[in-house]
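# Results of the structural survey
Residues per chain are reported as follows:
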Amino acid sequence: MASNRNRIAMMGRIGSGKTSLRQRLMGEELKYEKTQQVIYTDNFVDTPGEFIEMSLWHSEIVNVTLDVGLVIVVNSAIDPQNSIRPNFVQTFNLPAIGVVTKIDLENANIKRSRRLLRYAGVNDKNIFEVSNVTGEGLDTLSEAVHRHIRLGEKHL
Ligand SMILES: Nc1nc2c(ncn2[C@@H]2O[C@H](COP(=O)(O)OP(=O)(O)OP(=O)(O)O)[C@@H](O)[C@H]2O)c(=O)[nH]1
Ligand SMILES: [Mg+2]
């Protein structure tokens, strides 16, 4: 059977910046588009924030991870709410990276985001801070992602 392991699953609350980050990591123009369903591209499985926010969809998240080699959990630095249960990422037995987005905004609370990502089970050394708008932090994140996934290549 063909392997889909050269793909990344994007997870996080509605509006946290998953799709924007996918566009940035692929060097595409930022284009706002609400994710209404699971979107498969060569290197990504982009999920709607509803998958994390509504427990009804939690089993779908597990299905999605069968098709990937890396999980990215996205947390917006301006969102005080958490929808991810403790050690959530450990369920998948996959490498996990945490990304704090929206660090360009005045009311960004990076410390809170890092805490929520650790709570979700992401190791502190695998948490990166970025702005999808200014591009800050994206090079460092990109390097970390490339240790797991060859972006730009179709899945094997
Ligand atoms: N200022 C700022 N805005 C951002 C950043 N990342 C995303 N946004 C904005 O936040 C909004 C939501 O971004 P999306 O990438 O669509 O979020 P999403 O997580 O894919 O949302 P769903 O598809 O609804 O689950 C858009 O208006 C983006 O332009 C960032 O780093 N900084
Ligand atoms: Mg989206």
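To be clear, the structure that these remarks concern was listed above.
What this report covers is the structure whose coordinates are included nearby. These numbers were taken from a predicted model, which means no experiment stands behind them.

## Some points on the overall build of the protein chain
Helices and strands together make up the secondary structure of the protein chain, namely five helices and six strands. For the protein chain, the α and β elements follow one another from N to C terminus as β-α-β-β-α-α-β-β-α-β-α. Taking 15 Å as the expected radius of gyration for a compact globule of 156 residues, we find that the protein chain reaches 14 Å, a close match to that expectation. In terms of overall dimensions, the protein chain has a C-alpha envelope of 45 × 35 × 30 Å along the principal axes. Of all 156 residues assigned to the protein chain, the portion counted as buried reaches 38%. Considering only contacts in the protein chain between residues 6 or more positions apart, those separated by 24 or more positions represent 75%.

## A closer look at the pairing of strand β4 (residues 70–76)
Across the seven residues that make up β4, a large majority, seven, are buried. Burial of the side chains of β4 extends over both faces: Leu70, Ile72, Val74 and Ser76 are buried on one face and Val71, Val73 and Asn75 on the other. Sheet topology places strand β1 (residues 8–12) next to β4; five bridges connect them, and they run parallel. Bridge pairing in β4 places Met11 opposite Val73. Where β4 and strand β5 (residues 96–101) come together, six bridges link them in parallel fashion. Bridge pairing in β5 links Val71 to Ala96.

## Some thoughts on the site of ligand 1
The immediate surroundings of ligand 1 are formed by 20 residues, with Gly17, Thr19, Ser20, Thr35 and Gly49 found nearest. Per-class residue counts for the shell around ligand 1 are five nonpolar, 11 polar and four charged.

## Observations concerning the environment of Leu30
Here Leu30 is to be found in the loop between α1 (18–25) and β2 (39–40). Overall, the presence of 12 C-beta atoms within 10 Å leaves Leu30 in the exposed class. The spacing of Leu30 and Ser20 is 10 residues in sequence and 6.0 Å in space, taken between C-alpha atoms. If sequence neighbours within four positions are ignored, Leu30 has contacts with Ser20, Gln23 and Asn132.

## Focus: the pairing of β1
Burial of β1 is extensive: five of the five residues sit out of reach of the surface. On β1, burial covers both faces: Ile8, Met10 and Gly12 on one face and Ala9 and Met11 on the other are all buried. Here β1 runs beside strand β3 (residues 44–46); their pairing, made up of three bridges, is parallel. Its bridge partner lying in β3, Ile8 is registered against Phe44.

Rules and cut-offs
- Every chain is numbered on its own, with residues counted from 1 as its sequence reads.
- Working convention: letters from A go to chains and numbers from 1 go to ligands, in the order in which they are written.
- The predicted origin of the model limits local features to residues at a pLDDT of at least 70 and limits the giving and counting of side-chain atom pairs to 80 or more, whereas totals for whole chains, interfaces and linings rest on all residues.
- Numbered from the N terminus, helices here are DSSP runs of H or I no shorter than four residues, and strands are runs of E no shorter than two.
- We take the radius of gyration over the C-alpha atoms and set the globule estimate at 2.2 Å times the residue count to the 0.38 power.
- Working definition of burial: number of other C-beta atoms within 10 Å of the residue's own, with buried at 20 or more, exposed at 12 or fewer, and partly exposed in between, all C-beta atoms being placed from the backbone.
- For every residue pair, C-beta atoms are placed from the backbone, and the pair is scored as a contact if these atoms sit within 7 Å.
- One bridge is not enough; two strands pair if DSSP finds at least two bridges between them.
- We call a residue near a molecule or strand when its C-beta atom, built from the backbone, sits within 6 Å of it.
- Asp, Glu, Lys and Arg are counted as charged, while Ala, Val, Leu, Ile, Met, Phe, Trp, Tyr, Cys and Pro are counted as nonpolar; the rest, among them Gly, fall into the polar class.

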